[in-house]
Each structure stands twice: as C-alpha cells, then as structure tokens.
Amino acid sequence: MPDSHIAKIAVAAATYSLDKPYDYLIPESMQAKLMPGMRVFVPFSRGNRRSEGIVLALTDKSEYEKLKPIESCLDEHPVLTDAQLKLALWMHDRLFCTVYDAVKTILPAGFWFKPDGERRVNDKTREMIKLTVDASEAYSAAQQKRRKAPMQASLLEILSTAGRVSVREALHFTGASRQSLNALINARLVELEHEEVFRRPEVWSGKLQPLPVLSTSQQGVYDGLRSLLSNPSPEAALLCGVTGSGKTSVYIHLIADTLNAGKSAILLVPEIALTPQMIRTFSGYFGNDVAILHSSLSLGERYDEWKRIKNGEARLVIGTRSAVFAPFDDLGLIIIDEEQEDSYKSENSPRYHARDIAKYRCAKTSSLLLLGSATPDIESRYAAETGKYSYFELKERYNEMKLPSVTIVDMKNELRSGNGSELSSVLRSELETNIERGEQSILFINRRGANKLICCGDCGHIYKCPNCSVSLTYHSVNKRLMCHYCGYSQRVDSSCPECGGMLTYVGAGTQLVEEELRQLYPDTEVLRMDTDTVKAAGSHDVLLGKFKNEKIPIMVGTQMVTKGLNFENVTLIGVISADQSLYCSDYRSGERTFSLITQVIGRSGRGSKPGRAVIQTFTPQNETIRLAAAQDYDGFYATELSMRRLQNTPPFADIISITASGAEESAVIRCCTDIAKVLRASLGGGAAVLGPAPLAIVKVNNRYRYRVNICCKADKAVRAIVSDTLIRCSSSGKYRGVSVFADNNPSD
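Parameters and conventions
- Residues numbered from 1 in each chain as written.
- Predicted model: local features only at pLDDT ≥ 70, side-chain atom pairs only at ≥ 80, totals over all residues.
- Heavy atoms only, no water.
- Helix = DSSP H or I, 4+ residues; strand = E, 2+ residues; numbered from the N terminus.
- Buried < 20%, exposed > 50% of the residue type's maximum accessible area, 1.4 Å probe, protein only.
- Contact = heavy atoms within 4.5 Å.
- Areas by Shrake-Rupley, 256 points an atom, 1.4 Å probe, with all protein chains shown as cover.
- Pairing = 2+ DSSP bridges.
- Axes fitted to C-alpha atoms, helices over the stretch in contact; angles between N-to-C directions.
- Parallel < 35°, antiparallel > 145°, perpendicular 65-115°, else oblique.
- Left-handed = near helix turned anticlockwise from the far one by under 90°.
- Nonpolar A, V, L, I, M, F, W, Y, C, P; charged D, E, K, R; others polar.
- Core = buried A, V, L, I, M, F, W, Y, C linked by side-chain atoms within 4.5 Å.
- Salt bridge = Lys/Arg side-chain N within 4 Å of Asp/Glu carboxyl O.
- Phe/Tyr/Trp six-rings, centres within 6.5 Å; stacked < 30°, edge-to-face > 60°.
- Polar contact = N/O pair within 3.5 Å; in protein donor to acceptor, adjacent residues only side chain to side chain.
- Expected span 1.5 Å × (residues − 1).
- Arc of directions from axis to C-beta.
- Disulfide = S-S within 2.5 Å.

Participant: Talk me through the overall build of the chain; I want residue IDs and the actual numbers.
Facilitator: Helix and strand counts for the chain come out as 21 helices and 30 strands. The C-alpha extent of the chain, read off along each of the three principal axes, is 95 × 70 × 65 Å. When each of the 748 residues of the chain is scored for burial, the buried share is 52%. Long-range contacts, defined as pairs at least 24 residues apart, comprise 74% of the intrachain contacts of the chain with a sequence gap of at least 6. Surface exposure of the chain reaches about 33600 Å², of which carbon and sulfur atoms provide 49%.

Participant: Before we move on, can you summarise unusual backbone geometry with the specific residues and values?
Facilitator: Across the chain, the bulk of peptide bonds are trans and the bulk of non-glycine residues have phi less than zero. Following S349, the chain continues to P350 via a peptide bond in cis, the omega torsion being -5°. Structurally, the position occupied by P350 is in the loop between β13 (331–337) and α11 (354–365). A cis amide bond, omega 15°, links P650 with the succeeding residue P651. Look at K551: it is not a glycine, yet its phi comes out positive at around 50°. Secondary-structure assignment places K551 in the loop between α16 (539–549) and β24 (554–557).

Participant: Please give an account of the sheet that holds β24 that cites residues and values.
Facilitator: Sheets are built from strands that pair by backbone hydrogen bonding, the pairs being arranged parallel or antiparallel. Taken together, 6 strands build an open sheet; the order of strands is β16-β26-β25-β17-β24-β23 and the sheet is parallel. Edge positions in the sheet fall to β16 (405–410) and β23 (526–529), since each of these pairs with one other strand and no more. The sheet shows a mean angle of 15° between the axes of neighbouring strands, taken without regard to direction. Bridge analysis of strand β17 (residues 440–444) against strand β25 (residues 570–575) gives 5 bridges, and the strand direction is parallel. From the neighbouring strand, Q440 faces β25, where its bridge partner is V570. Its contacts with the sheet place helix α14 (residues 425–437) against β16, β17, β24, β25 and β26 (612–617), and it is angled at close to 155° to β26.

Participant: How would you summarise the packing of helix α1 (residues 82–95) against α11 if you had to cite specific residues and measurements?
Facilitator: For the pair α1 and α11, interaxial distance at closest approach is 12 Å and the crossing angle is 135°. Between α1 and α11, the angle falls in the class oblique. For the crossing formed where α1 meets α11, the hand is right-handed. Packed against α1, whose contacting residues are K86, L87, W90 and M91, the element α11 presents D356, I357 and Y360 at the interface. Considered class by class, the residues forming the contact of α1 with α11 number 5 nonpolar, no polar and 2 charged.

Participant: For the nonpolar core, give the residues involved together with the corresponding values.
Facilitator: Among soluble globular proteins, nonpolar side chains are generally buried collectively. Among the nonpolar cores identified, the biggest contains 72 residues, and L225, I255, F282, F286 and M529 are the most heavily contacted of them. Sorting elements by how many residues they give to this core places helix α8 (residues 247–260) first, with 7 residues. Apart from the residues within four sequence positions on either side, L225 is in contact with A237, V250, L254, L368, L370 and F392. Y100, L107, V121 and Y389 belong to the second largest nonpolar core, which has 51 residues in total.

Participant: Any details on the sheet that holds strand β4 (residues 49–59)? Residues and values, ideally.
Facilitator: Pairing in this open sheet of 5 strands is antiparallel, and the strands run β2-β1-β4-β3-β5 from one edge to the other. Edge positions in the sheet fall to β2 (22–25) and β5 (72–73), since each of these pairs with one other strand and no more. Where strand β3 (residues 39–44) and β5 come together, 2 bridges link them in antiparallel fashion. The residue of β5 that forms the bridge with F41 is S72. Across the sheet, helix α2 (residues 99–106) is in contact with β1 (6–11), β3 and β4; its angle to β4 comes to roughly 90°.

Participant: How would you summarise the pattern of salt bridges if you had to cite specific residues and measurements?
Facilitator: Taken as a whole and judged by the stated rule, the model has 27 salt bridges. As a salt-bridge pair, E157 and R146 come within 1.9 Å of each other at their nearest N and O atoms. Here R146 lies in the loop between α3 (135–145) and α4 (150–162) and E157 lies in helix α4, a separation of 11 residues in the sequence. With a relative accessible area of 24%, E157 lands in the partly exposed category. Via salt bridges that share partners, E514, R518, R528 and D530 belong to a single interconnected network.

Participant: Please give an account of the packing of aromatic side chains that cites residues and values.
Facilitator: For any pair of aromatic rings, geometry is given as the distance between the ring centres together with the angle between the planes. One pass over the structure, following the stated rule, counts 11 aromatic pairs. Measuring from centroid to centroid gives 6.4 Å for F282 and F286, while their planes differ by 20°, and the two rings are stacked. Taken together, the residues F282 and F286, both in helix α9 (residues 275–286) and 4 residues apart, mark about one turn of the helix. Each of the two residues, F282 as well as F286, counts as buried. On the numbers, 5.2 Å between centres and 80° between planes, the contact of F547 with F567 is edge-to-face. One end of the pair, F547, is in helix α16; the other, F567, is in the loop between β24 and β25, with 20 residues separating them in the sequence. The exposure class assigned to F567 is buried, which follows from its relative accessible area of 6%.

Participant: Account for the side chain of R397, with residues named and values stated.
Facilitator: The topology assignment puts R397 in the loop between β15 (390–394) and β16. One polar contact links the side chain of R397 to the main-chain carbonyl oxygen of T243, over a distance of 2.9 Å. Within the structure, the side chain of R397 is placed 3.1 Å from the backbone oxygen of G602, a separation counted as a polar contact. When residues no more than four places from it in sequence are discounted, the contact partners of R397 are V242, T243, G244, S245, K402, L403, P404, G602, S604, G605 and R606.

Participant: Hey, could you go over the packing of α3 against α4 for me, with residue numbers and the actual values?
Facilitator: In the contact formed by α3 and α4, the axes pass within 8 Å of each other and the chain directions differ by 160°. Between α3 and α4, the interaxial angle falls into the category roughly antiparallel. Between α3 and α4 lies a crossing whose hand is left-handed. Packed against α3, whose contacting residues are A135, A138, Y139, A141, A142, Q143 and K145, the element α4 presents P150, Q152, A153, L156, E157 and S160 at the interface. Here the residues of the contact of α3 with α4 sort into 8 nonpolar, 3 polar and 2 charged.

Participant: Can you tell me about the side chain of E514, naming the residues and giving the values?
Facilitator: Residue position: E514 is located in helix α15 (residues 510–520). We classify E514 as buried; its relative accessible area is 12%. Side-chain polar atoms of E514 contact the side chain of R518, separated by 2.8 Å. The contact partners of E514, leaving out residues within four places of it in the chain, are V526 and R528.

Participant: So, helix α7 (residues 216–229): which residues are in play, and what are the values?
Facilitator: The end-to-end C-alpha separation of α7 is 20 Å, in line with the 20 Å expected for 14 residues at 1.5 Å each. Every buried residue of α7 is listed here: Q218, V221, Y222, G224, L225, L228 and L229. Buried residues along α7 cover an arc of 165° about the axis, so they all sit on one side. In this structure, the buried side of α7 is in contact with β9 (235–241), α8, β13, β14 (368–373) and β15.

Participant: Help me get a handle on the environment of I601, residues and values and all.
Facilitator: Along the chain, I601 turns up in helix α17 (residues 589–601). Owing to a relative accessible area of 0%, I601 belongs among the buried residues under this scheme. When residues no more than four places from it in sequence are discounted, the contact partners of I601 are P404, V406, I573, A613, I615, A628, A629 and Q631.

Participant: Describe the state of the cysteines, listing the residues and the values that go with them.
Facilitator: What the rule picks out here adds up to 0 disulfides. Here C455 stays free of any disulfide, with the sulfur of C456 as its closest cysteine sulfur at 7.5 Å. Residue class for C455 comes out buried when judged on its relative accessible area of 17%. Unpaired in terms of disulfides, C496 finds its nearest cysteine sulfur in C459, a separation of 3.6 Å. Classification of C496 as buried rests on a relative accessible area of 4%.

Interpretation note: all reported values are geometric properties and have no functional meaning in isolation.
Okay, structure coming up:
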C-alpha cells in the first residue's frame, strides 16, 4: 500500500505481551491534521473493540496489506512532544510496561477520556463582555438610555471606563439583569467572549522578597553548583547537608539563576505535606511563576496547572513524584529534595523512580540534576564517591546552632522498673519541661491506629484479616479492628471468640500514644498527624498551620512529621519505637531506619533555642541506632557500604524482581519456580537468581504473592531476557489466573 498514509499507534488495550506499534490507515479527512503525539480511537483485536491509542509516527510503508482505519481523532493538537514520546518509549524499554501506560503517567489524569469519548475534565471558561464601539460613543449611548433603560446605561458606563469586564462582575456591580445585557448585545454595542480561567490551588498576591543571604559555607556550595549549572553538558551533583543547614536557600539561588537564563526548573519533594510549606517559601521569591503538581489537587487543578506549564505561564514546578514529568521544553534544572525517600518510587505500573526519569531528562536537555539530603541514598553517595556525581557538603546549621543533644533510652530497663507505658520516664520528664517552658514537642511513631494487634492471653487467638496474611490493627477512635492493606474492618469482641478469655492489647500506634498523652496531661492540647487525620485534601497544611500558629504543645505523627518541617519553637523530639523498621527482610531496612531517626531528630532546635531528642529502643547497642543518635552519616555509610558489598546488592549490583500473584497459591509457586528455572538457564553464571520466595506479606486481598530476584548488572541483554519471560508467562495458558510483573530495585 505505497500510496496510503499510515500511522504507527500505541494502543491502550494492548497488554504487555502484545505491546508494539500497530499500523492503522489514516482516513483522508485526517491526513492533513494528524500528527505524532495526538490521541485517536481505533478498532483493536478480532472483535474490533474500540480503544484509545496515541500516534507515535507517520509513514507510507507497512508490512501488512490490509489495515484498519482510524475511527476518530481526539485532539486538535499533539498532547505529547517528540521528546515526551521518546521518554515514553524509554520507559517501555526500561520499566517493563506498555507504551500507553507510560503515556498515561506522563499526562495528567484530566487529559483522559471517558468510554463514551467525553473528556474527564473540561476547560473552565468565564464570559467576558467588551465594547464594539469606541468609549465616547458608548458613553453617549449611555446618556441616551439613562431614563428608559438605566441598567443598560450602567453597563455601558462601566465598559466605557474599563473596556472589557467579566459578565458576572458587570451584572453584580450594576445590578443589571441578563436581559439588559442581551439588549446591548442585540444592539451591537457590546459583544460576548469566552476567556479560559485556570483553576489554581494557590495564587500569590504578596510582594516578592529579595533572595536570602547565604552564609560562607552556603556561598561556597552555591558557587560550585552554579558553575555546573552554566556548563553546556549535562551534570549531576549530590548536596549532603545536615538538617537545618539551609539547603533550601541554595536551591532558591540556583532556581533564580535558571529562570534568569530563560530556562525552567523542577523541585521535587517526597511528601504532599511538605508542598504547601515549599509553595509559600518559593512563591515569596518567584510569585506566580510557581506551579504545583501533586495528587491532592483536584483533576481540574492538575489539568490547568499542567496547561499553565505547557503554555509557559509557569517556569518553576514544585511537587511530588509525578511532577518530574512537567512539560518543559526549556528545562535547565531538576532538584530532588530528600532524595533518599522511597516515595519517589512508584508502586504501580510503570514502576519508575523519579530520580531515573530526572537523569534521563537532564541528559537529554543538558540540564543540572541536584540531589539533596541530610542522609543521602547509599547508591547516590557511592556515585559521588566514584566520580559519577559532583559532591558538596554543608556540615553546620545555618544559624550556627548545635545539632540536638540525643538520649538513648533502653526500654527493657523501663519494663524492669515497672513502667509498661509507651512513654519512658526520661521522655515524660522532657515533655513536662517543654510544657512548662511553652516550647513544642514532636513524637514520632511509624504506625497508625491504637494497637498493632489484639490477642487472647489464654489461648493465643489473634484477630487476622480474612483477605490478607496480617493481623488486624485496633483503632480506638471507632473501636474497630482494621486491615491497612485491603480495608477490611470488624467490631472488636468483649472477650476471646475462641475460648472466652480476656483479650490483650499489644503494640502501639499514634492513637494509643495520643490517648496516653491526654491522660498524662489533660490540660495540654495534643495534635495527631497520620493517614487517618489527613485524608481530606489540604488537611496536611491545616494541621501543620494549627500546630505552628496556635503553638500546640505536642504533635504525634508517623513519618510525615520526620522531614522538611521547620518550626522554630520545636525543641524536643521523641522517637517512640526506634526498632520498628529495623528488622525487616529488606536490605534497605537499616538505611531507612537511620534516615528516619536522623531526619526527625533534625526537626528539633531549628530556631534560637537548643534542641533535644529522646530515642526509645529495646536494642540500644544496635549500631544503626547509635550512629543515628550521633548524626554520623559518614560512619553509617561506611558500615552500610561494606554490608552491601558482601550482599552484592545496590550499588554493586542491580536487583530485578519478578513478582507473581494469584488466587491459588500453588499456581503462583509453580509459575515462580518455572520462571527461576528459565532465568538460570538463560542468564548462566553471570547472575544470581534467588527464589521463589514469598513476600513479607504473602497474601493481600486474597491474592498470594511470590517473587524471584535477579542480582546482576541490569543491562540491555538482561532486560530482554526478563521481558521475554514476562511475555511467555502472560501468554501461556499454563499460568491462567496468575499475573506477573517485573520491577527494578523494588522498594519493598
């Protein structure tokens, strides 16, 4: 078909095993306007099921003689640029996902269509009116209408002064009716227009501040980074700065340089809770050049922020993981703050890490990638040590205050002394001191709910989720047992349902700690911040604002209180259960524990008052806890790197995990066993194939989960073998009911 115009299209309905560019015939009515990056409806499969697709390329050649025609075009203009299409293809090759999955990740949800072809989110517009005659003629007409049509006269007078106003404002201020406005339109004195209005989560209306003054050490770091920023080739740097060292001030100066050079910048933060604080800070310097992208925005807000960025009306984007896809054509700088955080890794397909996407984008646009943290990821620190990244340090706090003094409390001694409370005697004493002084305290425990589980002291019965292989967590607010994986809940019994014995409440969460504090200090207000209290959009900012402005004495929270928060009156940090994340099966458990403890300790003493911290643990001799208490990152890095070298885990090798899940455990195990055999035969001795092994939580929502891990350098040949294995499993009837996916360096 040499004379036909053909489009190569990635089809949404194609599974990973069928994913490839499909050739479709372009109807004559579309040939003049269809371009790569536009979305279309196409018939797919033998049943010609209607499916969305995105045009990857146009050509005049196809290896097939008979082609199906495109049904309809969904966009007037391309929604993806050539660079974004190449990014989607790169994600397909690296992340074991379909091209369309990658495309849907790059675009905001508001761009997508309902099954009936209607847009999920439409453009928001407002009606505007303007004069069709000059102002003097309008004023004369107003005087003529004053007696018989006073409302029409009022409208003309406003327009003769303002020229163009919104219909809503004009009718409001004049008291005129729509009928009066229509009369002026019919008389051709005014005309109606529709103007697009952006749904903005925040609009800056204050006065811009001068850039912050840098200290001597900050200036040295900034000078080094500025030289990298001006380099015409792509660069990457790691900034390791102790908590409170003023990394944000360095970011502000680098962003200002980027914008002044006519380029754009992206700043990523790990938690939605940090975004409002960052927005206020950076809007003070860059005004409405700032756009926001994160999942707590409404579909309309995200859609409009994306359009503002695309149109060049915002040149600085602040947001969480997905903000790395901000549609800049003139990118100059990407900053990833608290770059060690797991929240930068997506748990759904495509399973990307924001740092990897940032590396790709900076390499393609010759931009600077800056990673910042007080506790850098071991892989990032190793990349700096081996020369892949430039390395900068801020070793002291900006205000020259000392780091908090830290006390480690052995909870075994507390039990021996008769204290079965979750709060040690040391922590209670420090809390009472802070309450007397009018200073604030933050208590960190990384578990929500009241109790980890409820069991019978007589027969040992434990309430377990019927859908997942976990015990149910007790929530005292609604007096229900809940599963945090599938959402199952039930009322708690008054006695053991098996033997009638007395039930024992084991373990602690944020709710229990909050209740204990209220009993100990009934006249002291306590604030709780966890997933249960911040479900509503914007509630992070409300709670943090209340804590700061009302100077609430105590805040209890999960890991969302451990990073990025800057409260000058917080002088005490309590880590309730430092061991909680330490003894997990994941090789990163030590790194996570060190980072969490170090980061939360850093929330103390950030103002003029010295800070203190109390770490409660049952293993005070543990090296990770001791190094975190000493804020000794270099010591922890050296110890952890030695362990990683022995384990042959990142940064010395990559881990590609292949996970199978299904309703029948035997089928899942059989699938993983076959996968392991195929991989060992295909990879030979160049890779270690481990498993199959169950995940830490083997059953979630009635599906069993097993995994095979590959430890080696994840080069193109290895990825091809993994991809072939996934396709073979998906297309084989032998594994019916079992779903299989692969992930690079999984976070769990």
